[in-house]
Amino acid sequence: MSENQLQSIFQSVEKVSKCLQHHLSNFIRPADNQAPTYRKPLFSLPSSPRGGLPSPEAVSAQPMEILKKKGTTAAPVTKEELGRATWTFLHTLGAQYPENPTRQQKKDVKDLMAILSRVYPCQECAGHFKEVLRANPVQAGSHAEFSQWLCHIHNVVNRSLGKAIFPCERVDSRWGKLDCEQRNCDVQGSLTIFDK
Ligand SMILES: Cc1cc2nc3c(=O)[nH]c(=O)nc-3n(C[C@H](O)[C@H](O)[C@H](O)COP(=O)(O)OP(=O)(O)OC[C@H]3O[C@@H](n4cnc5c(N)ncnc54)[C@H](O)[C@@H]3O)c2cc1C
């Protein structure tokens, strides 16, 4: 391949990179009081020799450079933060769960709980959750059944941690449906259980 062809390929990549950079800047914003620190494309042609080719080090170092400059190096997540985020996910799933779930939807939430009890990224919690599921098999025949079951198992975990028991009759007022324009996020249930 000639040097001109290579040059043309890298120019195309640079264009895509600039476009990506523009989109990424929507996700990695500097704090309000900080000036933007990084405006180069993720992948750019240096004005140095090597026939216009960027060094591999320069390319691979750029994303980390962005992270360092933006001060977004990850801090460890606590067990409590992980727990709150997971319960938010699960109760929101319960709030969105349809009145008449399809067979597939019922299977999916059962599988999800089983998988969660295996891969939950806190070993002690995962082991505990496995026992909770064994003693309290998933009930997902309807919205009410599933959201009440989630409330119940959350209370089982609460009790084991010495936390207050949540009144499950209030679960629908604590955990609403996802706030989404024109209910675009609603999960559709079947009219009959034999749809799928
Ligand atoms: C599957 C799973 C297993 C876990 N196992 C362990 C474990 O073994 N050991 C451990 O230390 N931590 C465990 N955790 C984390 C623990 O449950 C808490 O999330 C964490 O201690 C933070 O508690 P919190 O008091 O902030 O509120 P959380 O218990 O996280 O609850 C968040 C919010 O949910 C609401 N809420 C509380 N109870 C209910 C309920 N029954 N129904 C509906 N809404 C409710 C309240 O408004 C509360 O503020 C587990 C989490 C999950 C998701």
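If you're wondering where the values come from, they're calculated on a predicted model, not measured in any experiment.

Participant: Which residues make up the pattern of salt bridges, and what values go with them?
Facilitator: The final tally for this structure, using the stated rule, is two salt bridges. Note that Glu124 is salt-bridged to Lys79, the shortest N-O span being 3.3 Å. Of this pair, Glu124 sits in helix 5 (residues 123-135) while Lys79 sits in helix 3 (residues 79-96), and the two are 45 residues apart along the sequence. Across the pair Asp111 and Lys107 runs a salt bridge, and its minimum N-O distance is 2.7 Å.

Participant: Tell me about the packing of aromatic side chains, residues and numbers included.
Facilitator: Throughout the structure, instances matching the rule amount to two aromatic pairs. Ring geometry for Phe146 and Trp149: centres 6.1 Å apart, planes at 10°, overall stacked. Residue Phe146 and its partner Trp149 are both found in helix 6 (residues 143-160); the two are separated by three residues, about one turn of the helix. Here Phe146 matches Trp149 in class, with each residue buried.

Participant: Account for the packing of helix 3 against helix 6, naming residues and giving values.
Facilitator: The packing of two helices is summarised by the inter-axis angle and the distance between the axes. Close contact between helix 3 and helix 6 brings their axes to 8 Å; oriented N to C, the two are set at 160°. By the angle between their axes, helix 3 is roughly antiparallel relative to helix 6. The chirality of how helix 3 crosses helix 6 is left-handed. On helix 6, the residues touching Trp87, Leu90, His91, Leu93, Gly94 and Ala95 of helix 3 are His143, Phe146, Ser147, Leu150, Cys151, Ile153, His154 and Val157.

Participant: So what's going on with the nonpolar core? Residues and values would help.
Facilitator: Met113, Phe129, Val138, Phe146, Trp149, Leu150 and Ile153 are the most contacted members of the largest nonpolar core, which totals 19 residues. Looking at this core, the elements with two or more residues in it are helix 3, helix 4 (103-119), helix 5 and helix 6. When residues in this core are grouped by element, the largest group, five residues, is from helix 6. Among all residues touching Leu150, those that are not within four sequence positions of it are Leu90, His91, Gly94 and Met113.

Participant: So, the site of the ligand: which residues are in play, and what are the values?
Facilitator: Around the ligand, the structure places 23 residues, and the nearest of them are Arg84, Cys151, His154, Arg174 and Trp175. Take Trp87: an N or O atom from its side chain is 2.9 Å from an oxygen atom of the ligand. Contact distances for the ligand include 2.9 Å between a nitrogen atom and a side-chain N or O atom of Trp175. Mapped onto the shell around the ligand, the elements with two or more residues apiece are helix 3, helix 5, helix 6 and helix 7 (171-174). No other element matches the seven residues that helix 3 contributes to the shell around the ligand.

Participant: Explain helix 6 residue by residue, including any values.
Facilitator: Taking 1.5 Å of rise per residue, the 18 residues of helix 6 would be expected to cover 26 Å, and the 26 Å separating its terminal C-alpha atoms lies within 8% of that figure. His143, Phe146, Ser147, Trp149, Leu150, Cys151, Ile153, His154, Asn155, Val157 and Asn158 are the residues of helix 6 that are buried. For helix 6, the elements touching its buried residues are helix 3, helix 4, helix 5 and helix 7. At the exit of helix 6 stands Gly162, carrying a positive phi of roughly 75°.

Participant: Let's hear about the UniProt feature "domain: ERV/ALR sulfhydryl oxidase" (unreviewed entry) in the protein: which residues, and what values?
Facilitator: Per the UniProt annotation, the sites labelled "domain: ERV/ALR sulfhydryl oxidase" (unreviewed entry) are residues 75-175. Along residues 75-175 the backbone is 69% helical and 0% strand, and the end-to-end C-alpha distance reaches 28 Å.

Participant: Which residues make up the packing of helix 4 against helix 5, and what values do they have?
Facilitator: As a packed pair, helix 4 and helix 5 sit with axes 7 Å apart at the nearest point and diverge in direction by 150°. Every residue of helix 5 that contacts helix 4 at Met113, Ala114, Leu116, Ser117 and Arg118 is listed here: Ala126, Phe129, Lys130 and Leu133. Its residues assigned to classes, the contact of helix 4 with helix 5 comprises six nonpolar, one polar and two charged.

Reading the values: the criteria
- Residues numbered from 1 in each chain as written.
- Predicted model: local features only at pLDDT ≥ 70, side-chain atom pairs only at ≥ 80, totals over all residues.
- Heavy atoms only, no water.
- Salt bridge = Lys/Arg side-chain N within 4 Å of Asp/Glu carboxyl O.
- Helix = DSSP H or I, 4+ residues; strand = E, 2+ residues; numbered from the N terminus.
- Phe/Tyr/Trp six-rings, centres within 6.5 Å; stacked < 30°, edge-to-face > 60°.
- Buried < 20%, exposed > 50% of the residue type's maximum accessible area, 1.4 Å probe, protein only.
- Axes fitted to C-alpha atoms, helices over the stretch in contact; angles between N-to-C directions.
- Parallel < 35°, antiparallel > 145°, perpendicular 65-115°, else oblique.
- Left-handed = near helix turned anticlockwise from the far one by under 90°.
- Contact = heavy atoms within 4.5 Å.
- Core = buried A, V, L, I, M, F, W, Y, C linked by side-chain atoms within 4.5 Å.
- Near = heavy atom within 4 Å.
- Polar contact = N/O pair within 3.5 Å; in protein donor to acceptor, adjacent residues only side chain to side chain.
- Expected span 1.5 Å × (residues − 1).
- UniProt positions renumbered as here; feature names shortened; annotations may be inferred.
- Nonpolar A, V, L, I, M, F, W, Y, C, P; charged D, E, K, R; others polar.

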